[in-house]
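Coordinate inspection notes
What follows is each chain in one-letter form.
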Amino acid sequence: MIRQLQGQVAIITGASSGIGRATALALAREGCRVALAARRQSLLEDLAHKIRELGQEALVIPTDVTKREEVQKLISQTLASWGQVDILVANAGAYIRKPIAQLTVADLERPMAVNFYGAVHAILETLPHMLRRHHGHIVLVTSFDARKGLPLDAPYVAAKCALSGLGDVMRQELHGTGVDVTIVFPGRVDTPLIDTLEVPRISAKIPPEKVAQSIVRAIRRGKAEVIVPAFIRSLDWLRILCPRLSDWVVRLFHLEGWEAK
């Protein structure tokens, strides 16, 4: 069944750039009213202007997702304005790389605070409303790193694995409630998050609009998981069938990338 999104209310965290910005525009084009959350208000205002030019409504709500009181304000302001939340896209992210041998607990805490607990705050504030209405869709934007971790990405991978694991349980527990859960596993995406990272041609960065289009399709079709771009599914299958061979492929093509000089 293809679902219509016209008139629905979507909240997008990490909306100021990258996947969040592209998803906000894509949902607005589908007829959604969009609440925009991120820390950089000026970028949110610019995005809201573009959404209004499309003929749709937009709310700008500056939010630091690591602070639960700010997330509570995000949800309450959205409900006060529009009376409902139909879609939550938990997308806010922080990318930190460091070799395992040099890791400190602090190196793990920051990405967990943003990538995992930031999403948890939004979920816990939104889910009771969705359950009361027996209607809603939660989209968790993780990373393909959560399926095949890459060298140097341990802090990021740990947080994204936690989020994807939570989403897997949520989808099962919420079955039959009217609330759907989609986990999105993008490969390398051309966003400010990794703008200093060079990657091999075989895993070239894809535009955030491609991920946004996949998210919209997943919401309309009620898909459980999305891996984008499609070609990285082969690495996922290789990981399942022979983990050491998938490790070799990562080494062969330097899929972890390298810092631009």
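The structure presented is a predicted model; accordingly, all values stated were derived computationally and were not measured.

**What about the overall build of the protein?**
What the protein contains, in helices and strands, is 8 helices and 9 strands. With the C-alpha coordinates aligned to their principal axes, the bounding extent of the protein is approximately 50 × 40 × 35 Å. A burial count over the protein gives 52% of its 261 residues as buried. Sequence-distant contacts, at least 24 apart, represent 70% of the contacts inside the protein between residues at least 6 apart. Carbon and sulfur atoms provide 54% of the accessible area of the protein, an area that totals close to 12,200 Å². Positive and negative side-chain charges of the protein, numbering 33 and 26 respectively, have mean locations separated by a distance of 4 Å.

**So, the sheet that holds strand E6 (residues 179–186)**
Spatially, E3-E2-E1-E4-E5-E6-E8 is the arrangement adopted by the 7 strands of the open sheet, whose pairing is parallel. Across the chains shown, the open sheet's two edge strands, defined by having one partner strand only, are strand E3 (58–60) and strand E8 (225–228). Neighbouring strand axes in the sheet, compared pairwise and without regard to direction, differ in orientation by 15° on average. Where helix H5 (residues 154–173) meets the sheet, its contacts fall on strand E5 (136–141), E6 and E8, and the angle it forms with E6 comes to roughly 150°.

What counts as what
Residues numbered from 1 in each chain as written. Predicted model: local features only at pLDDT ≥ 70, side-chain atom pairs only at ≥ 80, totals over all residues. Heavy atoms only, no water. Helix = DSSP H or I, 4+ residues; strand = E, 2+ residues; numbered from the N terminus. Buried < 20%, exposed > 50% of the residue type's maximum accessible area, 1.4 Å probe, protein only. Contact = heavy atoms within 4.5 Å. Areas by Shrake-Rupley, 256 points an atom, 1.4 Å probe, with all protein chains shown as cover. Lys, Arg positive; Asp, Glu negative; His and termini not counted. Charge placed at Lys NZ, Arg CZ, Asp CG, Glu CD. Pairing = 2+ DSSP bridges. Axes fitted to C-alpha atoms, helices over the stretch in contact; angles between N-to-C directions.

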